[in-house]
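Each chain, written out:
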Amino acid sequence: MAEPLTKLSCEDFATVLAAKESVPGGGGAAALVGALGVALGSMVGNFTTGKKRYADVEDDIQRMLADGEVIRARLIELVAEDAEAFFPLSQAYGIPKEDPTRAQVLEEATKNACAGPVEMMRQVCRAIELLEEMGQKGSKMLISDVGCGALLCRAALEAASLNVFVNTKTLADRAFAEGLEAECDAMLAEYGPRAEACAQAVMDHIRK
C-alpha cells in the first residue's frame with residue numbers, strides 16, 4: 001500500500017508532485033502551502049506566549065494558537081482529500097465517449113473534485129484572519145514570519161481557486177457552478193487584498 005501523501009517527507013512529496021501522475025496536483029500543493037502559512041502564524045504565537053511584555057494579549061494568543069491548530073490540521077487533511085476526489089475524475093475522462101454513462105459520471109466526479117479546493121479557500125480565509133491579528137499582537141521579533149505566512153496564504157487562496165474554476169467551467173449544472181464561482185470570487189475579492197495588506201504592513205515595519 002502506498003504511503004499516505006501527508007506522511008511523505010518534503011523531498012518525497014515534491015518528487016511525487018513532479019511525477020507524471022494525476023495526483024497530487026495543484027490542489028494538494030495549495031492545501032500544503034496554506035498549512036505552512038498558518039503554521040508560521042502559530043510559530044509566532046508560540047514564541048509570544050508566556051512573555052511578560054505580551055501578558056495583556058496572552059488570552060488572545062492562546063485562542064489564536066488553538067484556532068491555528070484546527071485550521072492547519074484541516075488543510076493537511078485536504079491534501080489527501082483533494083487527491084482522493086480528483087482520482088475518480090481523472091479516471092472518468094478515460095471512459096469512451098460513446099459510453100452513455102460518461103456524461104453523468106464526469107459531472108458527478110467534477111462536482112466532487114470541486115469540494116476540496118473550495119474548503120481549502122474557506123480555511124485559508126480563516127488563516128488570513130489569524131495572521132492579521134497575530135501581526136498586531138504577536139512578538140515583533142518574528143513579524144517577518146507573519147508576513148511570510150500571509151503571502152503563502154494568499155498564494156494558497158489563489159491556487160485553490162484555479163482548481164475550482166478549471167472544474168466549474170465544464171459543469172452542465174450551471175446553477176451549481178455559478179454558486180461555487182460566486183463564493184470563490186467573494187473570498188478572492190476580500191481575502192486576497194487582506195493578505196497582501198498584512199504582508200505589506202510587515203514590509204513597512206521592517207523597512208521603515
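The rules behind the values
Residues numbered from 1 in each chain as written. Predicted model: local features only at pLDDT ≥ 70, side-chain atom pairs only at ≥ 80, totals over all residues. Heavy atoms only, no water. Helix = DSSP H or I, 4+ residues; strand = E, 2+ residues; numbered from the N terminus. Axes fitted to C-alpha atoms, helices over the stretch in contact; angles between N-to-C directions. Parallel < 35°, antiparallel > 145°, perpendicular 65-115°, else oblique. Left-handed = near helix turned anticlockwise from the far one by under 90°. Contact = heavy atoms within 4.5 Å. Nonpolar A, V, L, I, M, F, W, Y, C, P; charged D, E, K, R; others polar. Core = buried A, V, L, I, M, F, W, Y, C linked by side-chain atoms within 4.5 Å. Buried < 20%, exposed > 50% of the residue type's maximum accessible area, 1.4 Å probe, protein only. Expected span 1.5 Å × (residues − 1). Bend = angle between axes of the 7 residues up to and from the residue. Salt bridge = Lys/Arg side-chain N within 4 Å of Asp/Glu carboxyl O. Phe/Tyr/Trp six-rings, centres within 6.5 Å; stacked < 30°, edge-to-face > 60°. Lys NZ or Arg CZ within 6 Å of the ring centre and 35° of its normal.

Undergrad: Could you clarify how one ought to interpret unusual backbone geometry in this entry?
TA: Negative phi characterises most residues that are not glycine, and trans characterises most peptide bonds. That bond from V23 to P24 is cis: its omega, -5°, falls within 30 degrees of zero. As for its position among the elements, P24 is in the loop between α1 (10-18) and α2 (26-48).

Undergrad: Help me out: how do you make sense of the packing of α2 against helix α4 (residues 102-137) in this one?
TA: Between two packed helices, both the angle of their axes relative to each other and the distance between the axes serve to describe the pair. Relative orientation of the contacting elements α2 and α4 amounts to 25°, with a least axis distance of 10 Å. Put simply, α2 runs roughly parallel to α4. Crossing handedness for the pair α2 and α4: left-handed. From α2, G27, G28, A30, A31, G34, G37, V38, G41, V44, G45 and T48 reach across to α4, where they touch M120, V124, A127, L130, L131, M134 and K137. Partitioning the contact of α2 with α4 into residue classes produces 10 nonpolar, 7 polar and 1 charged.

Undergrad: Is there a simple way to think about the nonpolar core in this case?
TA: Note on soluble globular proteins: their nonpolar side chains tend to be buried together. The biggest cluster of nonpolar side chains holds 46 residues, and the ones touching the most others in it are L75, M120, M121, V124 and V146. Going through the elements one at a time, α2, α3 (58-92), α4, α5 (143-168) and α6 (174-207) are the ones with two or more residues in this core. Broken down by element, the residue count for this core peaks at 11 residues, all from α4. In this structure, M121 is in contact with L157, A160, S161, V164, C184, M187 and L188, ignoring residues within four places of it in sequence. Residues L89, I95, A109 and A113 belong to the second largest nonpolar core, which totals 6 residues.

Undergrad: Even after reading the chapter, I still don't get α3, so can you show me in this structure?
TA: Each turn of an α-helix holds 3.6 residues, which means side chains three or four residues apart point in the same direction. Its 35 residues place the ends of α3 51 Å apart at the C-alpha level, agreeing with the 51 Å of an ideal helix rising 1.5 Å per residue. The largest bend in α3 amounts to roughly 25° and is located at V79.

Undergrad: Honestly, the side chain of E119 in this entry has me stumped. Any pointers?
TA: Note on placement: E119 falls in helix α4. Residue E119 is classed as buried on the basis of its relative accessible area, which comes to 17%. Beyond its immediate sequence surroundings of up to four residues, E119 is in contact with R74 and L78.

Undergrad: Can you walk me through the pattern of salt bridges in this structure?
TA: Should the charged atoms of two oppositely charged side chains come close, the side chains can pair. For the coordinates displayed, the defined rule picks out 16 salt bridges. One salt bridge connects R72 with E69, and the closest N-O pair in it is separated by 2.5 Å. Of this pair, R72 and E69 both sit in helix α3, separated by 3 residues, roughly a single helical turn. Given a relative accessible area of 42%, E69 falls into the partly exposed group. Residues E132 and R194 are paired through a salt bridge, measuring 2.7 Å at the closest nitrogen-oxygen approach. Here the residue E132 occupies a position in helix α4, and R194 occupies one in helix α6, the gap between them amounting to 62 residues.

Undergrad: What's the story with the packing of aromatic side chains in this structure? I'm lost.
TA: The relation between two aromatic rings is expressed through the spacing of the ring centres and the mutual angle of the planes. Within this structure, the stated rule accounts for 0 aromatic pairs. Its guanidinium or amino end placed over the ring of F176, K111 lies 4.9 Å from that ring's centre, counting from NZ or CZ.

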